[in-house]
Every structure is written in structure tokens, then in C-alpha cells.
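Residues per chain are reported as follows:
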Amino acid sequence: MKLSVVILNYNVRYFLELCIKSVEAAITTLDAEIIIVDNNSEDDSCQMVKELFPEVILLENKENFGFSKGNNMGVSKAKGEYLCILNPDTVVAEDTFISILKFADNTTNLGIIGCKLINGVGTFLPESKRNIPYINAAYKKLLGNSEAYYATHLTENETGKVDILVGAFMLMKRDLYLKVKGFDEDYFMYGEDIDLSYKVLKSGYHNYYYGATSVIHYKGESTLKDKHYARRFYGAMQIFYKKHFKKNVLFDMFVWGGIRLVYLFRKVPVNKVKYVSGYVLISDKMNDSIQTVLPKKIRLQSNLDNLENNTEVIFDAHQLSYKEIITMIEAVKKGKSITYKILPQNANFILGSDNAISRGEVMILN
């Protein structure tokens, strides 16, 4: 088997359904499998997977084991030559795995491959490619200066070596994952991807950022910036420094004290109130069920031309490929306050996410 796609889920049932549908479309020509690990979700995620995707391998945990252990459990069932660790709040293009696997097969001393991630409104996510978070760079990042933290030697559309990749999308050989013992289970959530990337580098392999394919990451779903986020994140960084950069007592005090100070003086994100001036459905026919859940009349279009500010666009995945949807979102000029939702194939909902600090919006159709 060529590829195993491992998706760890926790309470994002509708985003998971969209994700699986996009992955299925992307592996139609590959010898591949999908493995879902559910960390004791309180919604009907598991029932949905059983009913809609009976061919998917589903592991149902009876407690939330966290990101590292959950993914390690999924990998233990994998049979593929390659693994892709994928967040459930992502949408991949039909050619994502094909193009990345071609690159992987032709790259020697391969570590981990990441790709270009964009959020739900098409903005590039700079954490797609990062440097090793040495103390100086990490402090600058947490205080608002991220130049040394992110891998700016490559543009978002280029491909090349980087140090650190993000856990929302990590592709690597299964043998290498097992060789470096996978995700470190001392991390519950956050920091695991930094640790794994660094372990692979220390083992003599090269990590790569692959900017030739784009994947949507509805970041607010899996990395919700609630009141506990900062404490969990900085706690994970403490674990990372202790494991990889511990030097002496004075150094430890400097790191721990600095992280706590940054936590106390961090900027608290503010969630803006959303205003929609009108709705546009990108399809070749009107969908009456969508109109019934919208407060304003929806307009039918075949493209994204002549959009007014604060328009919400709904993509009909019955008519458009996921690659077309991703490409259209990226093509729209940023700054027009355009937001997006997707109607998946054979689904009774539309969904989208406009920022990284709040939950996405799911609208159930009548």
C-alpha cells in the first residue's frame, strides 16, 4: 500500500465529513487507506463515519488521549509506505497526494513534507513552514516579531528545505515515523509537530515545505484560541526546551520565567463581529434548501467576478472539484472581506470558518 491517511478527530463531526470526502477524492487513483481515530467525541462523529464511510478504518477511544497518543494509535494500524497526518478540519485538493508523493519518491534522505496551508478565507498560514524555535526567535514571536520564527527564506509558493512543519499536514515514510518513535506522548496538545520535526532533523533527514499544492485548514476548529490555549501552548514549549535545550539551572530559570512573562503580557485576540451584505452560490443551478437557511436572498454565479465587500460565497462541491474551490479562494484579492462556505457532495449542511480564534459556522439545511 502506498499511503495511509491518519485523521485524529475530536468533536468536529461536520468538518470531518468534508475532510474525508476531499481525501476520498484525492486517493481515487492511489493504493491508500483512511484511518480515523476519534478521541471520545461527544457529537455523532463515529456514527457518521460508520454510516457514510464504512470502508474507513475507525478507532473509537473511550477517553481523550490527546494529539500525540491518538495519532500514534492510528499509525499503529497503518499499512502504507507513506503516512499523512492530517487534521479533520482540512480540505485537500484532488491532486494533493499525487503531486507530493511524486516529489517524495524523487527526494533522497527525505524527512517530513508539509504543504501550503491557507485558512478559510484564503490567507496563507505562515506556520506551514517554520524555523527551529530557539529561545531568541520564540520570544520575539510571542512578543509579536515573527520574522525569525517562520521560514521566510522560501515564499509561500516555493519548495525547499525547512526545519519545522505543522501537524495539520505532515507526510513522511512510515518506517521513519516508527524509527524516531512518532509523536512524543509527553505532549497532550501543541508542540508535538515541532518536536517530531526536530527529531527527524537530528536523525539526519531533511524536512521540506512543498508550496505547489494548497490545503484549506479551518484553523479555529482544531486550535481554538480559548482561555486555555495560551497556557497549553506555552506549557508545550516548556516540554520542548526541557527535552532538547536543557543546559543548566540558570538557563532553565530563564526559559521558564520568560515563558510565564510572555503568557502574562500576551496579546489577547479579539473576535470581530461578522457582517454579510449578500450571498453568492457558485454552481450551475440554484439550491432552494440553502436559501431557506440564509437571512438574505442568494445570487447564482459561475465565478467570483464582481463580488462586493462582505459577500459570503457558497461553493457547490457537486459542481466544483475541491481543487477548483481552493484555487478560486486563493485567487480573490484579500482585503475585500469575502467569506466562504462549502456545500459538500450529498450533504445536508454548509460550513466555513472565517478566522483562527473562533469556531467555524455550520448551517444545517432543511
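Basis of the calculations
Residues numbered from 1 in each chain as written. Predicted model: local features only at pLDDT ≥ 70, side-chain atom pairs only at ≥ 80, totals over all residues. Heavy atoms only, no water. Buried < 20%, exposed > 50% of the residue type's maximum accessible area, 1.4 Å probe, protein only. Helix = DSSP H or I, 4+ residues; strand = E, 2+ residues; numbered from the N terminus. Contact = heavy atoms within 4.5 Å. Polar contact = N/O pair within 3.5 Å; in protein donor to acceptor, adjacent residues only side chain to side chain. Pairing = 2+ DSSP bridges. Expected span 1.5 Å × (residues − 1).

Caption draft 1: Layout of helix H4 (residues 96–105). Taken together, the buried positions of H4 are occupied by Thr 96, Phe 97, Ser 99, Ile 100, Leu 101 and Ala 104. Taken together, the buried residues of H4 touch strand E1 (3–9), helix H1 (13–26), strand E4 (82–86), strand E6 (110–118), strand E8 (169–173) and strand E9 (206–217).

Caption draft 2: Summary view of the environment of Asp 43. Within the secondary structure layout, Asp 43 lies in the loop between strand E2 (32–38) and helix H2 (45–52). By relative accessible area, Asp 43 is classed as partly exposed at 29%. Taking the C-alpha atoms as reference, Asp 43 lies 8.6 Å from Tyr 10; in sequence the two are 33 residues apart. Among the polar contacts listed, one links the side chain of Asp 43 to the side chain of Ser 45, at a separation of 2.6 Å.

Caption draft 3: Quick look at the pairing of E8. Along E8, four of the five residues are buried, which leaves the element largely enclosed by surrounding structure. Here E4 pairs with E8 via five bridges, running antiparallel. Across the sheet, residue Leu 86 finds its bridge partner in E8, namely Phe 169.

Caption draft 4: Local environment of the environment of Asn 71. Topologically, Asn 71 is positioned in helix H3 (residues 66–75). On a C-alpha basis, the gap between Asn 71 and Ile 7 in space is 7.5 Å, while along the polypeptide they are 64 residues apart.

Caption draft 5: The arrangement of H1 in detail. Over its 14 residues, H1 runs 20 Å from end to end, which matches the ideal 20 Å to within 8%, given 1.5 Å per residue. Burial analysis of H1 places 11 of its 14 residues in the buried class, which makes it a mostly covered element. Residues Arg 13, Phe 15, Leu 16, Glu 17, Leu 18, Cys 19, Ile 20, Lys 21, Ser 22, Val 23 and Ala 26 constitute the buried set of H1.

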